[in-house]
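# An overview of the molecular structure
What follows is the residue order along each chain.
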Amino acid sequence: MESILEPATKMQQSDRGIRLSFSTSNDGLMLKQIQAVHVPDGRAIDVRPLLHIVEDILSFAAPSGDAIVETGKQATNTEAFQHQTNYQTNIIDMLETLSFLIDRISIEMARKCSETREEHATTMSILSMVSNYPWDAKLVIALSAFAVNYGEFWLLAQCYTSNQLAKNLAILKQVPGILQRSTMLKSRFDTIKDLITAMLDIAKCLVEFKEIPSNYVTEDVAAAVSAAMDHIPVAIYWTIRSMLATASQITGLSGSENEFLSSLESWELSSLVHKLSSMHSHLVGLLAICHKQIDERKFIEAYQNLQYLFNAAQIDNSKVLKALINPKDDPLPLVDGANKKRVSVDVLRKRNVLLLISDLDILQDEVVILQQIYEESRRQSNSLDQNPYEFVWLPVLDSSVSLSKIKQRKFENLAATMTWFTLHHPSLLNRAVFKFIKEEWRFEQKPIVVVLDPQGRVTCSNAIHMMWIWGNLAFPFTIAKEDALWKAETLTLDFLVDDIRRKIHILVWGEDIEWIRNFTHTVKTVARACGIEMEMVYVGKRNPKENIRRNMAIINEEKLSHCLPDITAIWYFWIRIESMWNSKHQLGKADENDPITQEIMTLLSYDGSEGYGWALLSKGSTEFTRAKGTTFLTCLSDYDLWAEDVQTKGLVSAIHDYFLQNPTPHHCNRLVLPGTADRLPEMVTCSECRRTMERYILYHCCDE
């Protein structure tokens, strides 16, 4: 066949001239010639399984100087062999249809490579043989034929020293002579390997274009596919040309002229590697545009599906949980924390499910307290079927960012401490779920607990506050239950701290150990003067750090007062107070007229203010007063002024009246509200003077 790209006289020049002319030819004119032999008959064929087999063959047969020298060591890989066998099983029917065609093309390649160097004519002949097939099938079928010849040759190279039949065949094909020169030919073998990689890259790219789902072909996708079709026929042409060039190299290696042609042949192969790599890069860019648009469309559909499922009535929670926990159809997406075995979503069917949603920065204290609440619920039930609810940890991480080794270890360590269900891997949550959790349930950084009833309905978008406050008493953790609990609640010392005995108590908090020493000594002096038994408990400070731990050690060593048991208990004391404000706020009842809200905000403002600590004095569970540490210390120092009132009013009322009669002339209160609140109040009044406080935005980091 005469090329339309060059005059007839050029076709009569040397092989080198032909190769040079075609490697610099006008692909636009060539496209018309290729399309002239493209007459698909509409047959549908999935060539990906065939491509997998071809890729395996070319991988095992890939030439390498080092590998060839060790010809007695045949490469084996049991797993890869099994993988290949599975694909062979899946395409038996396809091979029954294609085997004759593949055999014809392999014969054509072998014959032309041995008889002539007319690569263009042979390439067009092969394209004519596959004229009735789609573009991707044309290339994979041709690549299969190439793999047959190429694989047979290198199979002999690998086996001829250990198999007599292979040895005899190898002698006839002059394989031993090639292997003896393997060191000298190493650079050419390396180039051949690069060219085969480039051929496979083109083939895989074409198959990916073919697999683009038609229902996702938007205008942008269609434009990218159209642009790709301007290049795909020529890319197929040059890939088949590369097969022929590679086959010619292998055939030529057995001849006596290979040393003289080495530079020329290597130059041709290198040129083809560069050409195919450039074509592949361009096609990959167009394919990336398609994938980006398709992924965006799938993302929108998945997000809308989540919205629909949570708004529609469901028979049970199966569809909702599958869309949330298992959008990637993993058969075992969960790990049962009790035995660390992987399980399916079905274990949660028709159960109350509490979704613990957090990133990897969830505090160990939070996990410990939730663990206690969870295990208590198990003890209260008689059997697994009667467990009131199931916990599931969803680690929410940006799926567009791959998990580092450090974060992977952090995830594994956290999951190992949890006895409830956990997601097998954070990557199972897709981008739509990530967006849904952040936008619909307003997850930011702090952990939340979303409650789903057995039908998959959201009964509370964040129950973690009521869990901190009431534990399992808040079950089934609905908004209605939370509201009912508040209506029956009053802010007492029992409510603030569990297990308080009915005696005079002072809760002390702060960071300045010298002030704590001074305060506790003064309190003991006043208690002796009044003849009253008084007990002090140090509750530290919100977000306890190492300095609070040191204070606890000093207080215990010097027997200044009692302390909460440990740092976790201090954290829990404060998270409950913070949760009270969050809970009220979530219910829309965090207003100034609510006495409980007022007291909560007062405690939070004391803790958020700079300077010395503060104290709360209580008798029993209902009678208490509180003030900043300096105010309280001044009051105790002025004991003589209110000592007589103790006999008539009692200690708590006497001190409370002193605070009312002697207001602080100057004060500076700061109220630090939890940063997880959906809406912050527009106006907050000072707990001491009742004036409106100025509003600021504070970003705070304290790592110690």
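What you see is a predicted model; the values in this text were computed from it and never measured. The residue numbering used here restarts from 1 in each chain and proceeds along that chain's sequence as written. For this predicted model, a pLDDT threshold of at least 70 governs which residues receive local features, and a threshold of 80 or more governs which side-chain atom pairs are given and counted, while totals over whole chains, interfaces and linings are taken from all residues. Hydrogens and waters are ignored; side-chain quantities use all the structure's heavy atoms.

To continue, consider the overall build of the protein chain. Put simply, DSSP H or I for four residues or longer makes a helix, DSSP E for two residues or longer makes a strand, and each gets a number counted from the N terminus. Within the protein chain, the regular secondary structure consists of 29 helices and 12 strands. Burial status follows relative accessibility: with a 1.4 Å probe on protein chains alone, a residue under 20% of its type maximum counts as buried, one over 50% as exposed, and anything between as partly exposed. The 704 residues of the protein chain split such that 50% are buried. Counted over contacts in the protein chain with a minimum sequence separation of 6, partners at least 24 positions apart contribute 74%. Working rule for contacts: check all heavy atoms of both residues, and any pair within 4.5 Å makes them a contact.

What follows is about the pattern of salt bridges. One side-chain nitrogen of Lys or Arg within 4 Å of one carboxyl oxygen of Asp or Glu is enough to make a salt bridge. Inspection of the entire model under this criterion finds 21 salt bridges. In this structure, the salt-bridge partner of Lys446 is Glu578, at a minimum N-O distance of 3.8 Å. Of this pair, Lys446 sits in the loop between helix H19 (431–440) and strand S6 (448–452) while Glu578 sits in helix H25 (residues 567–586), and the two are 132 residues apart along the sequence. Residue Glu546 pairs with Arg549 through a salt bridge whose shortest N-O separation is 3.3 Å. Placement of both Glu546 and Arg549 in helix H24 (residues 546–558) is noted, with a separation of 3 residues, approximately one turn of the helix. Assessed through its relative accessible area of 44%, Arg549 is described here as partly exposed.

This part takes up the pairing of strand S4 (residues 390–395). With 6 of 6 residues buried, S4 lies mostly within the body of the structure. Here S4 shows a buried face lined by Glu390, Val392 and Leu394 and a second buried face lined by Phe391, Trp393 and Pro395. The pairing criterion is simple: DSSP has to find at least two bridges between the two strands. As defined by bridge partners, S4 adjoins strand S5 (residues 421–423) across 2 bridges and the pair is classed as parallel. Of the residues in S5, the one forming a bridge with Trp393 is Thr422. Of the crossover connections in this fold, the one passing from S4 over helix H18 (residues 405–417) to the parallel S5 is right-handed. Orient the strands so they point away from the viewer; a crossover is then right-handed if the path from the first strand over the helix to the second runs clockwise.

This part takes up the packing of aromatic side chains. Here a pair means two rings of Phe, Tyr or Trp (six-membered ring of Trp) with centres within 6.5 Å. Their orientation is stacked below 30 degrees between planes, edge-to-face above 60, and tilted elsewhere. Summed over the entire model, instances satisfying the criterion amount to 27 aromatic pairs. For the ring pair Tyr374 and Tyr389, a centre distance of 6.5 Å and an interplane angle of 55 degrees mean the geometry is tilted. Here Tyr389 lies in the loop between helix H17 (364–380) and S4 and Tyr374 lies in helix H17, a separation of 15 residues in the sequence. Tyr389 carries the same exposure label as Tyr374, and that label is buried. With a centroid separation of 5.1 Å and an interplanar angle of 90 degrees, the aromatic rings of Tyr639 and Trp642 are classed as edge-to-face. Within this pair, Tyr639 and its partner Trp642 are both found in helix H28 (residues 639–649), separated by 3 residues, close to a single helical turn.

Our focus in this paragraph is the side chain of Ser144. Relative to the helices and strands, Ser144 resides in helix H9 (residues 135–159). A polar side-chain atom of Ser144 sits 2.7 Å from the main-chain carbonyl oxygen of Val140. Once you skip the residues sitting within four places of it in the chain, Ser144 turns out to touch Leu50, Val54 and Ile102. As used in this structure description, the phrase polar contact means that two N or O atoms lie within 3.5 Å; if the pair is within protein, one of them must be able to donate a hydrogen and the other to accept it, and residues adjacent in sequence are counted only when both atoms belong to side chains.

Turning to unusual backbone geometry, a few remarks are in order. Following Phe475, the chain continues to Pro476 via a peptide bond in cis, the omega torsion being 15 degrees. Note that Pro476 resides in the loop between helix H20 (464–470) and helix H21 (479–487). Unusually for a residue other than glycine, Phe477 sits at a positive phi of about 60 degrees. According to the relative accessible area criterion, Phe477 is buried, its value standing at 0%.

Glancing now at the sheet that holds strand S2 (residues 341–343). The mixed open sheet is built from 7 strands, whose spatial order is S2-S1-S5-S4-S3-S6-S7. For this open sheet the edge positions go to S2 and strand S7 (458–460), each flanked by a neighbour on one side alone. The sheet shows a mean angle of 35 degrees between the axes of neighbouring strands, taken without regard to direction. Axis lines are fitted through C-alpha atoms, for helices just across the contact stretch, and the angle between N-to-C directions can take any value from 0 to 180 degrees.

It is worth spelling out the nonpolar core at this point. The biggest cluster of nonpolar side chains holds 96 residues, and the ones touching the most others in it are Phe391, Leu496, Phe519 and Trp642. Per-element accounting of this core gives the leading share, 9 residues, to H25. Setting aside its immediate chain neighbours within four residues, Phe519 contacts Ile506, Val508, Ala615, Phe632, Leu633 and Leu636. Within the second largest apolar cluster, 79 residues are counted, among which are Leu127, Ala198, Met243 and Leu276. As used in this record, nonpolar core signifies buried Ala, Val, Leu, Ile, Met, Phe, Trp, Tyr and Cys residues forming a set joined through side-chain atoms within 4.5 Å.

Bringing the confidence of the model for the protein chain into the picture now. Of all residues in the protein chain, 77% attain a pLDDT of 70 or more, and the chain-wide mean is 80. One number per residue, pLDDT, summarises how confident the predictor is, and it ranges from 0 to 100. Low pLDDT, under 50, characterises residues 1–25; the stretch is placed with 39 contacts to residues that sit more than four places away or in other chains. Every residue in residues 65–81 is under pLDDT 50, and counting partners more than four places away or in other chains gives 21 contacts.

Examined against the element boundaries, Thr422 turns out to sit in strand S5. Contacts of Thr422, omitting those with residues within four sequence positions, involve Pro333, Leu334, Val335, Trp393 and Ala415.

What follows is about helix H8 (residues 119–129). With 9 of 11 residues buried, H8 is to be regarded as a mostly interior element. For H8, the set of buried residues is Glu119, His120, Ala121, Thr122, Thr123, Met124, Ile126, Leu127 and Met129.

Within H28 the residues assigned to the buried category are Tyr639, Trp642, Ala643 and Val646. In a view along the axis of H28, the buried residues occupy a sector of 145 degrees, so they form one face of it. Counted as exposed and oriented over 90 degrees from the buried face of H28: Leu641, Glu644 and Thr648. Looking one or two places after H28, you find Gly650, whose phi comes out positive at around 95 degrees. The directions from the helix axis to the C-beta atoms are what the arc is built from.

This paragraph deals with the environment of Ile469. Considering the arrangement of structural elements, one finds Ile469 in helix H20. For Ile469, a relative accessible area of 6% gives the class buried. Residues Ile469 and Ile577, 108 residues apart in the sequence, show an inter-C-alpha distance of 8.0 Å. With sequence-adjacent residues up to four places away left out, Ile469 is seen in contact with Trp486, Phe495, Arg576, Ser579, Met580 and Ser583.

One way to put it is that helix H23 (residues 513–530) packs onto H28 with a least axis distance of 11 Å and a crossing angle of 40 degrees. The orientation of H23 relative to H28 falls into the category oblique. Here H23 runs over H28; the crossing is right-handed. Contacts between H23 and H28 involve Val526, Ala529 and Cys530 from the first element and Tyr639, Trp642 and Val646 from the second. Residue composition of the contact of H23 with H28, grouped by class: 6 nonpolar, no polar and no charged. Roughly parallel here means an angle under 35 degrees, roughly antiparallel means over 145, roughly perpendicular means 65 to 115, and every remaining angle is called oblique. Crossings are classed by handedness, with left-handed meaning an anticlockwise turn of the near helix from the far one by less than a right angle and right-handed meaning a clockwise turn. Charged residues are taken to be Asp, Glu, Lys and Arg, nonpolar residues to be Ala, Val, Leu, Ile, Met, Phe, Trp, Tyr, Cys and Pro, and polar residues to be all remaining types, Gly included.

Glancing now at the pairing of strand S12 (residues 623–628). Most of S12 sits out of view: 5 of its 6 residues are buried. Looking at chain direction, strand S11 (residues 614–619) and S12 are connected through 6 bridges and run antiparallel. By the bridge assignment for S12, Ser618 is matched with Phe624.

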